[in-house]
Structure formats: C-alpha cells, structure tokens
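Commentary on secondary and tertiary structure
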Amino acid sequence: MVPLPKAQRLQQVIRKIRGVGMVIKVERVLHMVGGGGETSYATNSRLQEKAIYRTKPILEIAVAEMYRTLLPEKMVVVDLGCSSGPNTFLVVSEVLGIVGDLCRRLEQKPPEIQFFLNDLPGNDLQ
Ligand SMILES: C[S@@+](CC[C@H](N)C(=O)[O-])C[C@H]1O[C@@H](n2cnc3c(N)ncnc32)[C@H](O)[C@@H]1O
C-alpha cells in the first residue's frame, strides 16, 4: 500500500479522534507539569538550568552588542516557552545583571525593560 502524504495522514487521525467524540486541545495537553511536586517541570529542569548557565557568555555577547549599537531607552525581551518559572526567572535575572553592568560601565541611564513571558494557556507560571 502507498503511504499517504503527511497532511492526509494527519487529517485521517483528526477524523478518527472526532469520530470517537474526543476533543483534544493541544495547548491543554502539551504544557509542562506545573507546581513544585516530584514530577513537575520545576523539579525536573536542572538540565535546562545548566544549559542556561553554560550559555550565559553567549547571552552576554548578544546583549552587549545590541546595547552598544543601539543604546536603547527601552528594551523588550521575549521568552517563547517560559514554562512554569524557575529557569525563565534565571534568564530575566541574567539579562537585568548584564544590562545593569553595561550601563554602569558606559555611564548610561538604565533602559526600561519589558519581559514578555509566553507559553501555552494551560501553563502555570509561578
Ligand atoms: C522544555 S520547556 C522549556 C521551558 C523554559 N524555557 C526552560 O528553559 O526551562 C518548553 C516550553 O515551551 C512551551 N511551548 C511549546 N509549544 C508552545 C507554543 N506553541 N507556544 C507557546 N509555548 C509553547 C511548553 O509549554 C513548555 O513550557
């Protein structure tokens, strides 16, 4: 039998799901496990935390290049997939620290910084 193209296979699956009366809202099932329990994302995201610490030098270079080039009065930082919290606050704190140091060194007034923390609707940022 010739396999169906991906889009047709997906439509078949959706028809099957509708056929058995199941309504799956992807945004309700895909988000990380909230809270602070044993199976929560907050408790099980040490690897991502490590990656954030290891990539801090890259973040420093990126923010410094942007800041020196633009000397912005306002900055917007977007976290697409911030999950339930701990790691995203670590990044927020790193960005604030990097920008603060740059402003002191360059004797500039600190910019206004807006952080947009985005995730799926069922996500519970804490
Ligand atoms: C592995 S977690 C990473 C969380 C966090 N950035 C960190 O470093 O620990 C990926 C996150 O992306 C979110 N996500 C996946 N698809 C998304 C979408 N289409 N829109 C917004 N968030 C999404 C998930 O809900 C999840 O919280």
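Residues numbered from 1 in each chain as written. Predicted model: local features only at pLDDT ≥ 70, side-chain atom pairs only at ≥ 80, totals over all residues.

Things to note about the overall build of the protein
This is how it is decided: Strands are runs of DSSP state E lasting at least two residues, helices are runs of H or I lasting at least four, and both sets are numbered from the N terminus onward. Residue burial is a threshold on neighbouring C-beta atoms within 10 Å of the residue's own C-beta, all placed from the backbone, with 20 or more meaning buried, 12 or fewer meaning exposed, and counts in between meaning partly exposed. By the criterion used throughout, residues are in contact when their C-beta atoms, derived from the backbone, lie within 7 Å.
Summing up its helical and strand segments, the protein has five helices and two strands in all. Counting across all 126 residues of the protein, residues that qualify as buried make up 7%. In the protein, the share of contacts with a sequence separation of at least 24, taken over all contacts with a separation of at least 6, comes to 77%.

Brief notes about the packing of helix α3 (residues 46-54) against helix α5 (residues 86-106)
What counts, and what does not: Fitted lines through C-alpha atoms give the axes, limited to the stretch in contact for helices. The angle between two N-to-C directions lies from 0 to 180 degrees. Angles below 35 degrees are treated as roughly parallel, those above 145 as roughly antiparallel, those between 65 and 115 as roughly perpendicular, and all remaining angles as oblique. As a working rule, the residues Ala, Val, Leu, Ile, Met, Phe, Trp, Tyr, Cys and Pro are called nonpolar, Asp, Glu, Lys and Arg charged, and the rest polar, with Gly in that last group.
Direction vectors running N to C along α3 and α5 enclose 10°, while the axes themselves pass 10 Å from each other. By the angle class used here, α3 and α5 are roughly parallel. From α3, Q48, E49 and I52 reach across to α5, where they touch N87, L90 and V91. Grouping the amino acids of the contact of α3 with α5 by side-chain chemistry returns three nonpolar, two polar and one charged.

Some thoughts on unusual backbone geometry
Phi is positive for L71, close to 40°, though the residue is something other than glycine. In this structure, E107 takes a positive phi of about 50° despite not being glycine. On the neighbour-count criterion, E107 (6 C-beta atoms within 10 Å) is exposed.

Here we look at the pairing of strand β1 (residues 74-80)
Counted only if it meets this: At least two DSSP bridges between two strands are needed for those strands to be called paired. Whether a crossover is right-handed comes down to one check: with the strands pointing away from the viewer, does the path from the first strand over the helix to the second run clockwise; if it does, it is right-handed.
With respect to burial, β1 is a largely exposed element, only zero of its seven residues being buried. Strand direction decides the pairing type here: β1 and strand β2 (residues 112-118), joined by seven bridges, are parallel. Paired with K74 across the bridge in β2 is E112. The parallel pair β1 and β2 is bridged by α5, and the resulting crossover is right-handed.

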